[in-house]
Each structure stands twice: as structure tokens, then as C-alpha cells.
Amino acid sequence: MAKLHVTLPGLDMKNPVIPASGTFGFGYEFTKFYDINVLGSIATKGTTFTERYGNPLPRIAEGPAGMLNAIGLQNPGVHAVVNEEFDKLSHVFNGKVLANMGGHSLEEYIETAKVLSQSDIVGALELNISCPNVKEGGMQFGTDPELAAKVTREVKKVSSKPVYVKLSPNVTDIVAIAKAVEAAGADGISMVNTLLGMRFDIKTGAPIIKNKTGGYSGPAIFPVALRMVYQVSQAVNIPVIGMGGISSGKDAIEMMIAGASAVEVGCANLVDPYACPKIIEEMESILDEMGIEDVNDIVGKSHQF
Amino acid sequence: MAKLHVTLPGLDMKNPVIPASGTFGFGYEFTKFYDINVLGSIATKGTTFTERYGNPLPRIAEGPAGMLNAIGLQNPGVHAVVNEEFDKLSHVFNGKVLANMGGHSLEEYIETAKVLSQSDIVGALELNISCPNVKEGGMQFGTDPELAAKVTREVKKVSSKPVYVKLSPNVTDIVAIAKAVEAAGADGISMVNTLLGMRFDIKTGAPIIKNKTGGYSGPAIFPVALRMVYQVSQAVNIPVIGMGGISSGKDAIEMMIAGASAVEVGCANLVDPYACPKIIEEMESILDEMGIEDVNDIVGKSHQF
Amino acid sequence: MNYQGKMTISSHKELTKDVFEMVVEGDAAKYIKEPGQFVNIKITDDMTPYLRRPMSICDYDEHSIKMIYKVVGEGTKLMSKKQVGDQMDFLTGLGHGFIDYEAKEAIVIGGGLGVPPMYNLVKKLKEEGVKVSAVFGFGKESDMFYIKEFEALCPVYVATMDGSYGVKGTVIDAIKENNLSFDKYYACGPVPMLNALVKAYPDNGYLSFEARMGCGFGACMGCSMKVKGASYKRVCVEGPVFKSEEVIVNG
Amino acid sequence: MNYQGKMTISSHKELTKDVFEMVVEGDAAKYIKEPGQFVNIKITDDMTPYLRRPMSICDYDEHSIKMIYKVVGEGTKLMSKKQVGDQMDFLTGLGHGFIDYEAKEAIVIGGGLGVPPMYNLVKKLKEEGVKVSAVFGFGKESDMFYIKEFEALCPVYVATMDGSYGVKGTVIDAIKENNLSFDKYYACGPVPMLNALVKAYPDNGYLSFEARMGCGFGACMGCSMKVKGASYKRVCVEGPVFKSEEVIVNG
Ligand SMILES: Cc1cc2nc3c(=O)[nH]c(=O)nc-3n(C[C@H](O)[C@H](O)[C@H](O)COP(=O)(O)OP(=O)(O)OC[C@H]3O[C@@H](n4cnc5c(N)ncnc54)[C@H](O)[C@@H]3O)c2cc1C
Ligand SMILES: Cc1cc2nc3c(=O)[nH]c(=O)nc-3n(C[C@H](O)[C@H](O)[C@H](O)COP(=O)(O)OP(=O)(O)OC[C@H]3O[C@@H](n4cnc5c(N)ncnc54)[C@H](O)[C@@H]3O)c2cc1C
Ligand SMILES: Cc1cc2nc3c(=O)[nH]c(=O)nc-3n(C[C@H](O)[C@H](O)[C@H](O)COP(=O)(O)O)c2cc1C
Ligand SMILES: Cc1cc2nc3c(=O)[nH]c(=O)nc-3n(C[C@H](O)[C@H](O)[C@H](O)COP(=O)(O)O)c2cc1C
Ligand code: FES
Ligand code: FES
């Protein structure tokens, strides 16, 4: 049976499959469906320093082979996350989580990182500089290499845990941003966040999402995510956690071939609550069929061509 | 019955539906299926000054709800296009075409524009500064506002016909590029070209497309295209021809609501050779159902929200 | 714990233009606990439509679920083409429904596609000895459905917007014109109707809300509603039924 | 002019592991002109798989088309699940096939899934009075299919890579070991086989090529092949059959 175990900074995981931030809450909704200890890790819901209600409804729309969301980082604030959500989670999950965090401002990122990185259950931080759904902060940090480097550097200073920077695909040159955050001390890169999209109600003419634009994710963005992971993983020397449209074990393997050292699975969890365990099983059986003994052997296999 | 007639610079069209460049050859392949005079116009295959064979095979891959291509602007060169292809086309099509053109260099764009714009069948030029599939030129002109403005300005100088500039979606700020080409004299904007993507053969690990990356198009990119058309059409005062994933009359209407004054239909033609006539009919019946008498009334209807 | 499973269509018919009644059978039905809960359906096996479609439960038992739905878009259109014997993937027993059956005189209020979930509720209320009447609002007479089925259970009062049947106007007009008295009400329907009800009757009501949903089981925060006394509640987990006292009108 | 239409599956069976024979019926069959042409199939009604799937024609008449295909990916897997009575959308009569039947002694050469299109060709050649033999290459004995059907028409020689049946090696080994003489050959199979054939027999051959296709009818330039004496030819329109004289080996 193929070995799925992978080790990344701060994350020693029995397999490379991590539910993506925002699509798995703080984990325990899924305990209704399965034992979440089968997962490599969990990327928890984007956390900010202060509580956020998020954007007005509707927050959800659909596209071909994908969905749009504009949640707007709804979360109870970092103290409630650490004291309540992580506490609840620690009773049902014995691994380490990848604590996703957002912010309005550099200061908010720094303060949030301080608190999060002190929590025992946190293996590493995932610094979201790519949220398209909040007015200030969010994506703007992720589209400018200098700002991206700055927030990375400041968060690294205060974090006692490794820091993954989560990149936006809505940029001309994602490699430049990846290199900038690597130079600023990032321990890894998570990519990609959602593509900025819109849908309209043809009867009224209004955007379906109240916030107008939303983040597009799901199978539809898979080829774009693969391309970016391929480009970035060749350009940096830190591990890349790849995501965007993964919904099968085959997809996860393709993403690792593109250059990802682990994968996150996002909105597939919403459509099929069993998506992650199914992906883990399918990865194992495909690798077995292909005669590959260790999943680490396929990471970046495409780079030789 | 709803009026579908639209008038754009250089293009007086019985309806707003134009097959997109590269997915309709020089038109006559489709005469095997239907009378192409039902179309508003035709965006002809990207033409360069000298003949191009294009990229090695495989040039085609697939994604969820879409396809990737890396044709690489294969075409017989501008003189053969004007003398042979347009000549053949003029026997079966009595409208004006939108002559799509590409180039390696500023000089090639200029020389190509000179020749193309003198052809009678050409209503307007479509300046492709967004082809992701050629090594030099192509997309690089479309990702930098200054370069984009420069090529627009130079082509405008030599063209006797209106010039539409075709934008790449692979950018951080498409509005900046749109404004730059508007300021440089563009008569209209065509958008979007394909999203840069990749797929891998999980057995060998190699990219499926020989050229490695390809342009992703089809329904999967529709929400991204809508968002960009919405943003650009609000920021400029020249008409936008919207495209990216349109495959039904409903899609075409949604694109016009987003802000497009006409639409192009790309790879839908490849899957269903009757895509364009079906879209035209469906647009008419949806508008009738909605009680809208003139298709021009829905252009940019979303901007009021 | 598992409440996901394939259900097989055992009956499917059009009640009135574009409104269908569908009965599905399968084990996942046994996770339904109360009227007002909903199911979330993956209509096809492919990627389009991508998301599940939430539907209320009109009636249910251990092995079957009856739903009534209207064709409004791509997903419901595909659903309407399904045939007896076809299967769809269901998440069942979602959300919190109507659980307070302590009343003397109750009215159930349904607007359009808010009518169906009242069916099982009326049955439950009657079992508990509550005197129930139903007040339903429709656009026009030809939109009406399921009236006979309800009339077999309780008195039914109808309002139509164009006056083509019953009282002309809204459900509130029907309540007033018929001088209906009640100490509790239960409602489901479009948000403007729910808002109007909360304004007219701020207390002792239970109202079932809709929201576009990403998951239907609490994972995505796509359906959060601002309510009094809490920062927010999820329509899919804490709802879809909320107390009139906690609803923020036009929130 | 129209050569698009729904075809209905009238027979569908597995010949050997993952290799299926499917017969479809419908009017679009009448646009097929010659062996070696192909059809392009939209397997589902939805957006995935997005593109059509090209398939050679094994045999055909005015109303029906027989194909043999192997399950290699998502599209062919979905196809293999189709049942008699199901419909798929076809473009038919695509490409230029084998049209030169003037030979004394011909051999048809098929490698793997290149075997099926030879079936109707052998029939045509025999009708024209040509003496035909068939040479087929497979990986191993258990991959073989359709041999009996061909043996009913002409002598058949087989090569397997592992030697489990017939000559060990390639089709060229089989031609040589069996001392087959021929003044024309017709081939279909994987590109390395076609390249080897052109090298060994540069003249008087017709070879059918494959390419990943965007459209199958000449619109997208997805399938252009470099050939001698022209800047390029499209596999889907000018091909899939090319003369050995114009093929650029490893082009
Ligand atoms: C808890 C709950 C119970 C429901 N019960 C019923 C019922 O019993 N009968 C019935 O006919 N309808 C019911 N609805 C509404 C039903 O879910 C939508 O009509 C349906 O999802 C539309 O799908 P579509 O693909 O046909 O429309 P589209 O407009 O093509 O759908 C596009 C997207 O919008 C969402 N959407 C569209 N309209 C609504 C809506 N009104 N509410 C929520 N999401 C929507 C869809 O789920 C989908 O994600 C209920 C909704 C909720 C939230
Ligand atoms: C002219 C022509 C005739 C053919 N005749 C036959 C036949 O008679 N029997 C048969 O089994 N196969 C035949 N093939 C190959 C067949 O088209 C592919 O096996 C099939 O498209 C694979 O689809 P998939 O979804 O299962 O595989 P996937 O790998 O999932 O397909 C992904 C994409 O790659 C393309 N693709 C994959 N493999 C090939 C290939 N070998 N050639 C062309 N495109 C490919 C698909 O069309 C699709 O666009 C023919 C191909 C061509 C071009
Ligand atoms: C409903 C929803 C909420 C999300 N919230 C967050 C978030 O809080 N922080 C973050 O970094 N990414 C968030 N994302 C992005 C996902 O983590 C992921 O990057 C993206 O969805 C692409 O992966 P997918 O195609 O597998 O969904 C969210 C995505 C969805 C669909
Ligand atoms: C096979 C193929 C070839 C293309 N060639 C060109 C081209 O020559 N010039 C150009 O400007 N765009 C070209 N495009 C891009 C399309 O014109 C269009 O912008 C894009 O496909 C998005 O629209 P769609 O999603 O409807 O296909 C090509 C697209 C495809 C699929
Ligand atoms: S729909 Fe996902 S949390 Fe309610
Ligand atoms: S496949 Fe489109 S031109 Fe041949």
C-alpha cells in the first residue's frame, strides 16, 4: 500500500489531504459524517482579530462546475476561535491544524498571528493575503509583491509557528509574489485562493451576490490552479500546498505532479461531505495501481519535462 | 419580436452574436452546417504578417466544463488571408468581419494592420494583445498598460478601420489596461481571451499540451469573464464585446447585462457547430418572454445596482 | 450519524404548471426528526449544477420523503425530468424545524412554495390536540396547489394577490378578513411575507427562512442571518425555523 | 450538408477487457462516404466531458455505424456505461478515409485500436477484387479482439509484443516473418507504429493518424500535422488518412 505520509514545516501529516479554509468550518460539523482524524490536517476558517459578521446575503452563487462565494471572513474573532472553537475541535481531532487568518490591516494580521500561533493545536499559520471578499486588506496584500512581503515579514516576526502565505490567482505574475514572500521568510505557500467572478440575475439585472463580486472555486478553476502551482513550485524552494478545484484522488495526484507537496480540498466538501476521505482512499488506490510506493515521489514530477 | 440589431464602430450587425477568433476558422467550414449570414459578424482566425505553423501537437486538452488550446496562431500570413481566405469567405458571407490579428513585435502588428484594414470585407480590426500561446509578443503586450497603449496607438495610426483591442484576463488589474488602450485611441474592447492553464498526464507526469501551458476557455471561465466585462464596461466609454464561456442565449444575455454591447462565442462552436444560430434564436425568445423589445436596452443593465 | 444517501423516486407528478410533487424512498429518510427540516439534493452525478438544491419536506415517514417544488432554474428543471426509479443523492434531516406544538389555536401560514412544509406540521399539531387552521397566499388561482389535501386536515383560507380566489391580497389580509384567532403561528414563504408577519405579529410565531446555500450543513457560512440576541445564526443549522422574537425585520 | 444528429445505441458489448463494440442507428449514418472516416461524439448532454470524442468507424451502412473503442479515460468510461436505447449526439462523415482501392495485393495493418477501421476497408477492397491480408499488432494475447471477424474475410497475421500469440514483436516483424508481399498497404495504429511503417515502406502506403481534436471538422487548427509539400494538413479534414509519401517521420 502506497505511503501517503508527508512532512511539511509544522505539519507532520498521515496524508497530504487538508480541507481548505472556509469550507470546513472549525471541523466539527464534519464529525457528523466521519471521523476527521483520517485527515492530514485541517485549514480552519479564516480568523481575524475582532469578530466579523461578514457580507450581506446572498453570499453564494453558482457557475459551471463551480461556485461563487462572498462570505467576507465571518468569524467570532481570534480569542473566541482559540478559546472556544479550537477547544471544541481538540476533543475530536488529535492532529495539528493550519490556522488560516485574515485581516483588515497589517496590525490586525500581527495581533491575530500572535494569538493563533500560541495555540497548541496550531501546527502552522496560513496567512490569507488573497481574500477577494473583504473591502480593506485581503486581496490587496496579495496582488502587490512588496505589500505581500511586508505582511509576511511582520507576521513571521511574531509567530512562533511556521507561516504559509496563501496567494491570490487574480494576478499577472504569481511567481513574483511567491518569490517576494519566500524572500520575506515564508515557510511555505498555499495556493490558490478563489478567482474573482460574478453572476447576474437576468430578470432583474442585479448581481446575484449582494457584495457584487465573489470568489469562484471548484473544478472550473482546476487548470488555472495547476498552472500556477507548476510555475511557483519551480520558482521557490519552500513547499507549496496546492488547491483549486480538487475533487478526486486523481485531481490530487495531478496537483502534486504539478508541484504541490500537499493539497487542500475546498468546495468539494460542501457538495459531498465525504469528499476528503474519498480522495484519500482514491489517491492510495491510484498510486498502488501506478506502482508508486511513496506519494512524495510524485511531487513535481512534471518539472523534468 | 425583440430587435437584435446592434451597431458598433465598423460593425453594423443584424444581431450581437459573433463567433470568436480561432474557433471559426475563416468561416466557410461552418457553411457545411448552416448559412453563416445569420451571424452578426465573424471574428476571423488570428492573422500575423508572415505564415505561422503554430505549436507542436498535442495542442488541445480538456478541463471541467472547458478546454485548453495552444494553437499558437497558426495562419497562412496576412497576404494569403486577404487574397485567399477572405476571398473565399466573401462568396458565402455578405457581412463585415472583425479581422483578428496577432504579432511577434510592434512592427509585425503594424504591417499586418495595414494590409488587413484595406480589405473590403473587414469592418474592424481586433488587435489580439492577449494570446497566451506564442513565445514572443502576444500576451506580454496585454499585461502591461504602457505596452498595450503603445501597440494600440501605432496600429490606430495605420488602420483605416476601427480597432478593437482584445484583452487578456491573466492580469491583476484589467481596468488599468482597458483605460490605457482607450486613451490610446481604441474604438472598442474585446474581452476576454483565454485563462492560462495546464493539465498533466498522471501516468507520465508530462504536461498534456506540448507547449506546456494552454489557454483555458469555455463555460468554466464565464463568471470570471462576466466580472471583468462588468468592471471594464463601467470604466470606459467605448463599447465592449464580451466573451468567455458563452454557450447559450441566456449566457449571451447575462454577458450583455454585465455590460457587453455585443458578444463573441468561442469554443462552444467546436462542440456544437450550430451554437451561434441556436444562441441567436434563444436570445430572441428570452427577450420576448421578458418583454424586452430591443436588445440594446439590456446592455449594462447591472450597472445601476 | 450518517444522514447521506441515495433515494429512489417512487412517484413524480405535476400538480399545476411548473409545480411538481415528488416522493423518494430510501434509508436516509429515517434521519428526519421534525416538520420544517429540509433535505439537500445533488440532482445530477456530474459537476453541473454544481451545488446541491435545498428542498423542504412536505411529508415523511421512516422510508419516504414527499417534496413539492417549483421549476425556477436549471436545477429544478433537471429535477422535473427525473423519472420514477431514478436516484438522487440526498442529505437528510438538515436544520431545525417546528418543534413547539404547545398551542390552543394555531394557524399555519404558507406563501407559494412555503405551503408544502406546513403539511406534516398540521398533522403533528393535530396529533398534539391543537386546533389548526391554514392560511395560504398565492399569486393567482392557477398557481394554487395542495388545497384539497390540506382541507382534508383542517380549515383552509386562501388569499390571492389578484383576487382570483379567496381574499384579495396577502395572507395577513386573509387572517384579518376571516377574523382568525390564534395563540401561535407557523409560517413559511417569501421573505417579504415573513417580514410582514413579524411586523404584524411580533410574538409567538415560528418562521421558516430561505437562503442560498453552499452546503446546507453548517460548514460554509453561506447562509448566516443576523438575529437578535446572537451575532448570527445559520439558516441551515440553527434555522431554517426562527422565532418571531429573534427575527430582525429586513435584517 | 448537415451531418449532425442523434444516434441511438442498438447494441453494446464488451469484446475483451475494456474494449467495447457499439452499434448506433440513425440518419446521420448516411453521410459516411468511405472507410477510414470518423465520427465525433458528444457523450453526455452536459458540460463534462466538454469536448466530443473522435472514434473510427469499424463498419457502417445507410442507417447504422459500428465502432470499437477502448476505455482509457473519463469520456470512454462514460460511454461504456451507456445502454441500448440511449442516445448520443454525433457528427458523422468526418475526414478523408481510404479511397484508393486499386491494388493487386494489399495488406491492411492495424495496431491495437487501429484494428477496427480496417474492417470496412477489407470489405471494400475485396469488393474491388483486391487480394487482401491483414496484419495486426497487440500487446499480448488477452488484448486481442475481432480476429475471428477478420478471419471470415481474409487471412490474418498477428504480432504480439510479448510473443504470447503469433509473431513476437511488431507488425513489421509479422510482415517479414510471414513473407507477405503487397503493392499497397493501409495502416492505422499508434504513431510509433506508423512512423516505423513509413520508414520501412516509404511508398504506396496510406496511414491513418490520430490527434487530440478540438472540433473534428476543421475549425480550430487543434490537429494540424506537418506534411511534405504543404505547410500543414489538418488530421480532421485533410486526414486522418495520409499518403506514406507525404508523412514526415517524427514530424
Ligand atoms: C431551506 C430551504 C427550503 C426550500 N424548500 C423549497 C421547496 O419546498 N420547494 C421549492 O420549490 N423550493 C424550495 N426552496 C427553494 C429552492 O431551493 C430553489 O428554488 C432551488 O434551489 C432553485 O434551483 P434552480 O437550479 O432551479 O434555480 P437557479 O436559480 O438556477 O439556482 C441557482 C442557485 O441559486 C440557488 N437558489 C435559487 N433560488 C433559491 C431560493 N429561492 N432559495 C435558496 N436558494 C436558491 C440554488 O440553490 C442554486 O445554488 C427551498 C430553499 C431553502 C433554502
Ligand atoms: C480520428 C480518430 C479516430 C479514433 N478512433 C478510435 C477508435 O476507433 N477506438 C478507440 O478506442 N479510440 C479511437 N480514437 C481515440 C479516442 O478518441 C480516445 O481514446 C478518446 O477520445 C479518449 O477519451 P477519454 O475521455 O476516455 O480519455 P481522456 O484521456 O480523459 O480524454 C481527454 C482528452 O484527450 C483526448 N484524447 C485522449 N486520448 C486520445 C487519443 N488517443 N486520440 C485523440 N484524442 C485523445 C480526448 O478526446 C479528450 O479531449 C480515435 C481518435 C481519433 C483522433
Ligand atoms: C465558502 C468558502 C469560504 C472560504 N473562506 C476562506 C477563508 O476564510 N480563508 C481563505 O484563505 N480561503 C477561503 N476560501 C478559499 C478556499 O480555501 C480555497 O482556496 C478555494 O475555494 C479554492 O479551492 P477549491 O476550488 O477546492 O474550493 C473559501 C472558499 C469557499 C468556497
Ligand atoms: C482553439 C482556439 C483558438 C483560438 N485562437 C484565437 C486567436 O487566434 N486569436 C484570438 O484573439 N483569440 C483566440 N482564441 C480565444 C477566443 O477567441 C476566445 O477569446 C476565448 O476562447 C474565450 O471565449 P470562449 O470561452 O467562448 O471560447 C482561441 C480560442 C480557442 C479555443
Ligand atoms: S449553507 Fe453552508 S453554513 Fe449554511
Ligand atoms: S480538430 Fe479542429 S481543426 Fe482539426
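About the cut-offs
Residues numbered from 1 in each chain as written. Chains lettered and ligands numbered in written order. Predicted model: local features only at pLDDT ≥ 70, side-chain atom pairs only at ≥ 80, totals over all residues. Heavy atoms only, no water. Helix = DSSP H or I, 4+ residues; strand = E, 2+ residues; numbered from the N terminus. Rg over C-alpha atoms; globule rule 2.2 N^0.38 Å. Contact = heavy atoms within 4.5 Å. Areas by Shrake-Rupley, 256 points an atom, 1.4 Å probe, with all protein chains shown as cover. Lys, Arg positive; Asp, Glu negative; His and termini not counted. Charge placed at Lys NZ, Arg CZ, Asp CG, Glu CD. Near = heavy atom within 4 Å. Polar contact = N/O pair within 3.5 Å; in protein donor to acceptor, adjacent residues only side chain to side chain. Nonpolar A, V, L, I, M, F, W, Y, C, P; charged D, E, K, R; others polar. Buried < 20%, exposed > 50% of the residue type's maximum accessible area, 1.4 Å probe, protein only. Salt bridge = Lys/Arg side-chain N within 4 Å of Asp/Glu carboxyl O. Pairing = 2+ DSSP bridges. Axes fitted to C-alpha atoms, helices over the stretch in contact; angles between N-to-C directions. pLDDT = per-residue confidence, 0-100. Buried area = accessible area lost by both parts, 1.4 Å probe. UniProt positions renumbered as here; feature names shortened; annotations may be inferred. Disulfide = S-S within 2.5 Å. Parallel < 35°, antiparallel > 145°, perpendicular 65-115°, else oblique.

Draft legend 1. Representation of the overall build of chain C in the model. Scanning chain C from terminus to terminus reveals five helices and 16 strands. What you see for chain C is a C-alpha radius of gyration of 17 Å, in line with the 18 Å of a compact globule of 251 residues. Principal axes of the C-alpha set define a box for chain C whose edges measure 50 × 40 × 35 Å. The long-range fraction of contacts in chain C, counting pairs at least 24 apart against all pairs at least 6 apart in sequence, stands at 61%. Accessible surface, chain C as shown: approximately 10300 Å² in total, 50% of it carbon and sulfur. For chain C, the distance from the average site of its 30 positive side-chain charges to the average site of its 32 negative ones is 4 Å.

Draft legend 2. Summary view of the site of ligand 2. Residue and element names in this part refer to chain D. Close contacts around ligand 2 come from 20 residues, with Arg53, Pro54, Gly75, Thr76 and Arg212 the closest. Contact distances for ligand 2 include 2.4 Å between an oxygen atom and a side-chain N or O atom of threonine 76. The fraction of the free accessible surface of ligand 2 (820 Å²) that becomes covered by protein chains is 86%. Elements with a contribution of two residues or more to the shell around ligand 2: strand S4 (53–56), strand S6 (64–70) and helix H1 (74–80). For the shell around ligand 2, the element with the highest residue contribution is S4, accounting for four residues. When the residues that make up the shell around ligand 2 are grouped by side-chain class, the tally is ten nonpolar, four polar and six charged.

Draft legend 3. Fine view of helix H7 (residues 249–258) of chain B. All names here are of chain B. Across the ten residues of H7, nine count as buried, placing the element largely inside the fold. Among all positions in H7, only Gly249, Asp251, Ala252, Ile253, Glu254, Met255, Met256, Ile257 and Ala258 are buried. Of the surrounding elements, those touching the buried residues of H7 are helix H6 (222–235), strand S13 (240–242), strand S14 (262–265) and helix H9 (275–290). At the C-terminal side of H7, glycine 259 shows a positive phi close to 140°.

Draft legend 4. Structural view of the pattern of salt bridges. Evaluated as defined, the whole model comprises 42 salt bridges over all chains. Of the charged contacts in the structure, one is a salt bridge between A:Arg52 and A:Glu108, with a shortest N-O distance of 3.1 Å. Of this pair, A:Arg52 sits in the loop between strand S4 (42–43) and strand S5 (60–63) while A:Glu108 is found in helix H2 (residues 106–117), placing the two residues 56 residues apart along the sequence. Overall, the relative accessible area of 8% leaves A:Glu108 in the buried class. With its nearest N and O atoms 3.6 Å apart, the salt bridge here joins C:Glu21 to C:Lys13. Judged by its relative accessible area of 44%, C:Lys13 falls in the partly exposed class. Here the salt bridges share partners, and the residues they tie into one network are A:Glu29, A:Lys32, C:Arg234 and C:Glu238.

Draft legend 5. Summary view of the site of ligand 4. The immediate surroundings of ligand 4 are formed by 24 residues, with B:Ser21, B:Asn100, B:Lys166, B:Gly245 and B:Cys267 found nearest. Chains contributing residues near ligand 4 are chains B and D. Interatomic distance of 2.8 Å between a side-chain N/O atom of B:Asn100 and an oxygen atom of ligand 4. For ligand 4, the protein covers 98% of the area, taking 610 Å² as the surface of the free molecule.

Draft legend 6. Representation of the sheet that holds strand S9 (residues 131–138) of chain D. Residues and elements named next belong to chain D. With mixed pairing, seven strands are arranged side by side in an open sheet as S11-S10-S9-S8-S12-S13-S16. Among the strands making up the open sheet, the edge pair consists of strand S11 (167–168) and strand S16 (241–243). Bridge count for strand S13 (residues 205–208) against S16 is three bridges, and the pairing is antiparallel. Its bridge partner being in S16, serine 208 is matched across the sheet by valine 241. Seen against the sheet, helix H2 (residues 118–127) touches strand S8 (105–111), S9 and strand S12 (184–188) and runs at an angle of roughly 175° to S8.

Draft legend 7. Quick peek at the confidence of the model for chain C. Chain-level pLDDT for chain C is 95 on average; 99% of the residues reach the 70-or-more range. Across the predicted assembly, pTM comes out at 0.97 and ipTM at 0.96.

Draft legend 8. Here's a closer look at the environment of A:Asn193. Residue and element names in this part refer to chain A. With respect to the secondary-structure elements, asparagine 193 resides in the loop between strand S10 (188–191) and strand S11 (195–197). The class of asparagine 193 is buried, set by a relative accessible area of 11%. Within polar-contact distance, the side chain of asparagine 193 engages the side chain of asparagine 128 at 3.2 Å.

Draft legend 9. Geometry of the interface of chain D and chain B. Between chain D and chain B, the residue contacts involve 31 residues of the former and 35 residues of the latter. Interface of chain D and chain B: buried area, both sides summed, is about 2800 Å²; carbon and sulfur atoms make up 61% of it. Summed over the three residues of chain D that lose the most area to chain B, namely D:Tyr50, D:Arg212 and D:Phe217, the buried surface amounts to 26% of that side. At the boundary of chain D and chain B, one finds two salt bridges. In this structure, B:Glu62 engages D:Arg53 in a salt bridge whose closest nitrogen and oxygen atoms are separated by 2.6 Å. On inspection of chain D and its partner chain B, the count reaches eleven residue pairs in polar contact (both at pLDDT 80 or more). Here the residues of the side of chain D that touches chain B are counted per class, giving 17 nonpolar, eight polar and six charged.

Draft legend 10. Just the UniProt feature "binding site: FMN" (unreviewed entry) in chain A, in detail. Residues and elements named next belong to chain A. UniProt feature "binding site: FMN" (unreviewed entry): in the numbering of this structure it lies at Ser21, Lys45, Gly46, Asn100, Asn128, Lys166, Val192, Gly218, Gly244 and Gly245. Among the secondary structure elements, asparagine 100 is positioned in strand S7 (residues 97–101). Residues within four places of asparagine 100 in sequence aside, it is in contact with Ser21, Thr44, Lys45, Gly46, Thr47, Leu116, Glu126, Asn128 and Lys166. Side chain to side chain, asparagine 100 and serine 21 meet in a polar contact 3.4 Å long. A residue is classified by how much of its surface remains accessible, and asparagine 128, at 5% relative accessible area, is buried. Beyond its immediate sequence surroundings of up to four residues, asparagine 128 is in contact with Leu73, Asn100, Met101, Gly102, Tyr109, Lys166 and Asn193. At 2.8 Å, the side chain of asparagine 128 and the backbone nitrogen of serine 130 are in polar contact.

Draft legend 11. Summary view of the interface of chain A and chain B. Facing the 42 residues of chain A at the interface are 43 residues of chain B. It is A:Phe200, A:Ile202 and A:Phe305 that lose the most area in chain A upon contact with chain B, and together they represent 19% of the buried surface on that side. The salt bridge involving A:Arg199 is made with B:Glu254; its shortest N-O contact spans 2.7 Å. Linking chain A with chain B are 15 residue pairs in polar contact (both at pLDDT 80 or more), by the criterion used here. Listing elements by their share of the side of chain A that touches chain B, those giving two or more residues are S11, helix H5 (222–235), helix H6 (249–258) and helix H8 (275–290) of chain A. Top element by residues in the side of chain A that touches chain B is H5(A). It accounts for seven residues. By residue class, the composition of the side of chain A that touches chain B is 25 nonpolar, ten polar and seven charged.

Draft legend 12. Molecular detail of the sheet that holds strand S9 (residues 163–166) of chain A. Read across the open sheet, the eight strands follow the order S3-S14-S13-S10-S9-S8-S7-S4 (chain A); overall the sheet is parallel. Unpaired on one side and paired on the other, strand S3 (17–19) and S4 of chain A mark the two borders of the sheet.

Draft legend 13. Region of interest: the state of the cysteines. Per the stated rule, a full pass over the model turns up zero disulfides over all chains. Between A:Cys276, a free cysteine, and A:Cys267, which holds the nearest cysteine sulfur, the sulfur-to-sulfur gap is 11 Å.

Draft legend 14. Expanded view of the packing of H6(B) against H7(B). Residue and element names in this part refer to chain B. One way to put it is that H6 packs onto H7 with a least axis distance of 8 Å and a crossing angle of 30°. The orientation of H6 relative to H7 falls into the category roughly parallel. Contact residues: H6 offers Phe222, Ala225, Leu226, Val229, Tyr230 and Ser233, while H7 offers Asp251, Glu254, Met255 and Ala258. Within the contact of H6 with H7, the residues separate by chemical class into seven nonpolar, one polar and two charged.

Draft legend 15. Fine view of the pairing of strand S9 (residues 163–166) of chain B. All names here are of chain B. On S9, burial covers both faces: Val163 and Val165 on one face and Tyr164 and Lys166 on the other are all buried. Here strand S8 (residues 122–128) pairs with S9 via four bridges, running parallel. Across the sheet, the residue bridging to asparagine 128 is lysine 166, located in S9. Direction of pairing for S9 relative to strand S10 (residues 188–191): parallel, over a ladder of three bridges. If you follow tyrosine 164 over to S10, its bridge partner there is glycine 188.

Draft legend 16. The arrangement of the side chain of A:Ser248 in detail. Of note, A:Ser248 is situated in the loop between strand S13 (240–242) and H6. Residues in contact with A:Ser248, not counting those within four places in the same chain, are A:Ile279 and A:Glu282.

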